[in-house]
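Letter by letter, the chains look like this.
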Amino acid sequence: MSKYLVTGGAGYVGSVVAAHLLEAGHEVTVLDDLSTGFREAVPEGAAFVEGRVQDAARHVVPSYDGVLHFAAFSQVGESVAQPGRYWENNVGGTMALLAAMRSAGVGRLVFSSTAAAYGEPVSTPITESDPTAPTSPYGATKLAVDHMIGGECAAHGLAAASLRYFNVAGAYGDCGERHDPESHLIPLVLQVALGTRETISVFGDDYPTPDGTCVRDYIHVADLAEAHLLAMDAITPGEHLICNLGNGNGFSVREVVETVRKVTGHPVPETVAARRAGDPAVLVASAATAQERLGWAPSRPDLAGIVADAWDFARARRAGA
Ligand SMILES: NC(=O)c1ccc[n+]([C@@H]2O[C@H](COP(=O)([O-])OP(=O)(O)OC[C@H]3O[C@@H](n4cnc5c(N)ncnc54)[C@H](O)[C@@H]3O)[C@@H](O)[C@H]2O)c1
Ligand SMILES: O=c1ccn([C@@H]2O[C@H](COP(=O)(O)OP(=O)(O)O[C@H]3O[C@H](CO)[C@@H](O)[C@H](O)[C@H]3O)[C@@H](O)[C@H]2O)c(=O)[nH]1
């Protein structure tokens, strides 16, 4: 049994990882300022502290065995409009966290990095040694944090992993994707299927992809969560492990919409809208490093299955569960 601090554990991915840590018998404290998360999303059995990562000096104590760091702003389009907020929260918050970990002697960190660190890929699938040239301030802040962590490992012997998630989707029990307002593709398309939204706007159909819409690699949130537990065990002092987490399959926006129609049995009207600033055309992962270093392989790669889990969660929320 280990004792972990989970920053951002009232959010989508953090709550699912916290649930996995608890199921594995660990002790979990969630630190979250509820800026985009929800108190009720924190899994039962986890302690909850409402607070900011920027105040980590108050919250990181020597008794923690490690930190899993999810707390961040994470919307590509919003980051283009409000870059300063992203630098302050994502980079400023992590600087405070790293300093607090150093002074408390907490030596293990697993960080939520992102495919957005690569920007427009030079080839697909993307490997960790590919160039990093983010096309959005969001991706730039996450890449900056990756560099900060690398320095901390080299200089102070931190053991750390940056897990570069591709597009996280699906749900795990009571924990699912919930942003307010929602901005992610799958939950938005499900709102159309549920009848709470009239149409899905397809952001651009003139990309250099087979059907003109953006292609993404959708990874089930429970597969992603399992990788965090493996990473926490795999990291060694002084090493900064960087791993992509994805299925290696790309689906276009139109293919996602079509999958939602099939899974839900509901019509989903779509309208073509302008491109969203900051969006690369294609993001598909090579997860060979995660396989090799973590012994990780996704066990829920099927897009229809991922959408079905998200659909169950969306319907349960609608019903007030
Ligand atoms: N969802 C994805 O597809 C995806 C893909 C790649 C990377 N990520 C990364 O994974 C992490 C989690 O994403 P998510 O989809 O669960 O987002 P989310 O918005 O649901 O969760 C983020 C949580 O962090 C909290 N938070 C934000 N700033 C904070 C601060 N300064 N102090 C304390 N708490 C703070 C929010 O209240 C929220 O509960 C983020 O770091 C994101 O960049 C997500
Ligand atoms: O109403 C919508 C919403 C989205 N999209 C498109 O759908 C795709 C997926 O968009 P979204 O679900 O918002 O995810 P991304 O912008 O790809 O970003 C997610 O995936 C990234 C990694 O690939 C992470 O870094 C981010 O945190 C996470 O939000 C993109 O091409 C969008 O342009 C639409 O066409 N219409």
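Under an unreviewed UniProt entry, the name given to the protein chain is UDP-glucose 4-epimerase, and the source organism is Streptomyces wuyuanensis. Note on the protein chain: under the UniProt heading Pathway (unreviewed entry), the record states "Carbohydrate metabolism; galactose metabolism." In its Cofactor (unreviewed entry) section, the UniProt record describing the protein chain reads: "NAD(+)".

It is worth spelling out the pattern of salt bridges at this point. If you walk through the whole model with that rule in mind, you get 18 salt bridges. Note that Asp33 and Arg52 form a salt bridge whose closest N and O atoms lie 3.9 Å from each other. Placement of Asp33 in the loop between strand S2 (27–32) and strand S3 (47–50) and of Arg52 in the loop between S3 and helix H2 (56–59) is noted, with a sequence separation of 19 residues between them. When its relative accessible area of 31% is taken as the criterion, Arg52 is described as partly exposed. When salt bridges with common partners are traced through the structure, they connect Asp205, Arg254, Glu258, Arg261 and Glu270 into a single cluster.

As a further point, take the site of ligand 2. Within the structure, ligand 2 sits among 24 residues, and Thr114, His184, Ser201, Arg276 and Asp279 are positioned closest to it. For ligand 2, an oxygen atom lies 2.9 Å from a polar atom in the side chain of Arg216. One of the side-chain N or O atoms of Asp279 is found 2.6 Å from an oxygen atom in ligand 2. In the complex, the protein chains occlude 93% of the 680 Å² of accessible area that ligand 2 would expose alone. Of all the elements in the fold, those that place two or more residues in the shell around ligand 2 are helix H6 (185–194) and strand S8 (200–203). Per element, the largest residue contribution to the shell around ligand 2 is 4 residues, and it comes from S8.

Mapped onto the present numbering, the UniProt feature "domain: NAD-dependent epimerase/dehydratase" (unreviewed entry) falls on residues 5–239. Counting secondary structure, residues 5–239 comes out at 37% helix and 18% strand; the distance between its end C-alpha atoms is 20 Å.

On to the site of ligand 1. Not every one of the 29 residues close to ligand 1 is listed here, only the nearest: Asp32, Thr36, Asn89, Tyr138 and Lys142. Val13 places a main-chain nitrogen or oxygen 2.8 Å from an oxygen atom of ligand 1. Protein chains shield 97% of the accessible area of ligand 1, which is 830 Å² for the free molecule. Sorting the residues of the shell around ligand 1 by element identifies helix H1 (12–23), strand S5 (108–114) and helix H5 (137–156) as the ones contributing at least two each. Top element by residues in the shell around ligand 1 is S5. It accounts for 3 residues. Of the residues contributing to the shell around ligand 1, the split by class is 12 nonpolar, 13 polar and 4 charged.

The subject of this paragraph is the packing of H1 against helix H7 (residues 221–234). At a minimum axis distance of 9 Å, the contact between H1 and H7 shows a crossing angle of 60 degrees. It follows that H1 is oblique to H7 by the angle criterion. Crossing handedness for the pair H1 and H7: right-handed. Taking contact as the criterion, the partners of Tyr12, Val13, Val16, Val17, His20 and Leu21 in H1 are, on H7, Val221, Ala222, Leu224, Ala225, Glu226, His228 and Leu229. Residue composition of the contact of H1 with H7, by class: 10 nonpolar, 2 polar and 1 charged.

Let's shift gears to the side chain of Thr141. Mapped onto the elements of the fold, Thr141 is located in helix H5. Classification of Thr141 by relative accessible area gives buried; the value is 0%. With residues up to four places along the chain from it excluded, the contact list for Thr141 reads Tyr86, Trp87, Asn90 and Val91.

With that settled, the discussion passes to the sheet that holds strand S9 (residues 215–216). Spatially, S12-S9-S14 is the arrangement adopted by the 3 strands of the open sheet, whose pairing is mixed. Looking at strand neighbours, the two that pair on one side only are strand S12 (251–252) and strand S14 (282–283), the edges of this open sheet. Relative to S14, S9 runs parallel, the two sharing 2 bridges. Within the sheet, the bridge partner assigned to Val215 lies in S14 and is Val282.

Here we take up the confidence of the model for the protein chain. Taken residue by residue, the protein chain gives an average pLDDT of 96. The fraction at 70 or more is 100%. Here the complex is predicted with pTM 0.97, and the ipTM for its interfaces comes to 0.97.

What follows deals with the sheet that holds strand S11 (residues 240–245). Pairing in this open sheet of 7 strands is parallel, and the strands run S3-S2-S1-S4-S5-S6-S11 from one edge to the other. Here the strands that pair on one side only, and so sit at the sheet edges, are S3 and S11. The mean angle between the axes of side-by-side strands here comes to 20 degrees, regardless of whether they run parallel or antiparallel.

Further remarks concern the nonpolar core. Grouped together as the largest cluster of nonpolar side chains are 40 residues, with contacts concentrated most on Leu68 and Leu294. It is H7 that contributes the most residues to this core, 8 residues altogether. Here this core spans two domains, and each of domain 1 (3–169 + 218–245) and domain 2 (171–216 + 248–320) adds at least three residues to it. Once residues within four sequence positions are removed from consideration, Leu294 is found in contact with Ala227, Leu230, Ala231, Ala234, Leu241, Cys243 and Thr289. Counting residues in each nonpolar core, the second largest holds 26 residues, with Ile186, Val257, Val307 and Trp311 among its members.

Reading guide: rules and limits
- In this convention, every chain numbers its residues from 1, walking through the sequence in written order.
- Each chain takes a letter, starting from A, and each ligand takes a number, starting from 1, following the order in which they are written.
- Since the coordinates come from a predicted model, pLDDT governs what is reported: local features require at least 70, and pairs of side-chain atoms require 80 or more to be given and counted, while whole-chain, interface and lining totals use all residues.
- Computation of side-chain values covers all heavy atoms of the structure but excludes hydrogens and water.
- UniProt positions are given in the numbering used here, feature names are shortened, and annotations may be inferred rather than shown by experiment.
- Salt bridges are counted wherever a side-chain nitrogen of Lys or Arg sits within 4 Å of a carboxyl oxygen of Asp or Glu.
- Strands are runs of DSSP state E lasting at least 2 residues, helices are runs of H or I lasting at least 4, and numbering of each runs from the N terminus.
- Note on exposure labels: buried denotes an accessible area under 20% of the residue type's maximum, exposed denotes more than 50%, and partly exposed covers the range between, all computed with a 1.4 Å probe on protein chains only.
- Throughout, the term near means that a residue has one or more heavy atoms lying within 4 Å of the molecule or strand in question.
- Here a polar contact is taken to be a pair of N or O atoms separated by no more than 3.5 Å, where protein atoms must pair a possible hydrogen donor with a possible acceptor and residues adjacent in sequence count only if both atoms sit in side chains.
- Using the Shrake-Rupley algorithm and a 1.4 Å probe, accessible areas are obtained, with residue cover drawn only from the displayed protein chains.
- In this classification, the charged set is Asp, Glu, Lys and Arg, the nonpolar set is Ala, Val, Leu, Ile, Met, Phe, Trp, Tyr, Cys and Pro, and all remaining amino acids, among them Gly, are polar.
- Note on geometry: axes are lines fitted to C-alpha atoms, helical ones only across the stretch in contact, with angles between N-to-C directions running from 0 to 180 degrees.
- By definition in this entry, angles of less than 35 degrees are roughly parallel, angles greater than 145 are roughly antiparallel, angles of 65 to 115 are roughly perpendicular, and the rest are oblique.
- The sense of a crossing depends on the near helix, which, turned anticlockwise from the far helix by less than a right angle, makes the crossing left-handed and, turned clockwise, makes it right-handed.
- The contact criterion used is simple: two residues touch if any of their non-hydrogen atoms lie within 4.5 Å.
- For two strands to be treated as a pair, DSSP must find at least two bridges joining them.
- The pLDDT value tells you how sure the predictor is about a given residue, anywhere from 0 up to 100.
- Among buried residues, the Ala, Val, Leu, Ile, Met, Phe, Trp, Tyr and Cys ones that are joined through side-chain atoms within 4.5 Å form a nonpolar core.
- Residue ranges assigned to each domain were obtained from an automatic or database domain assignment.

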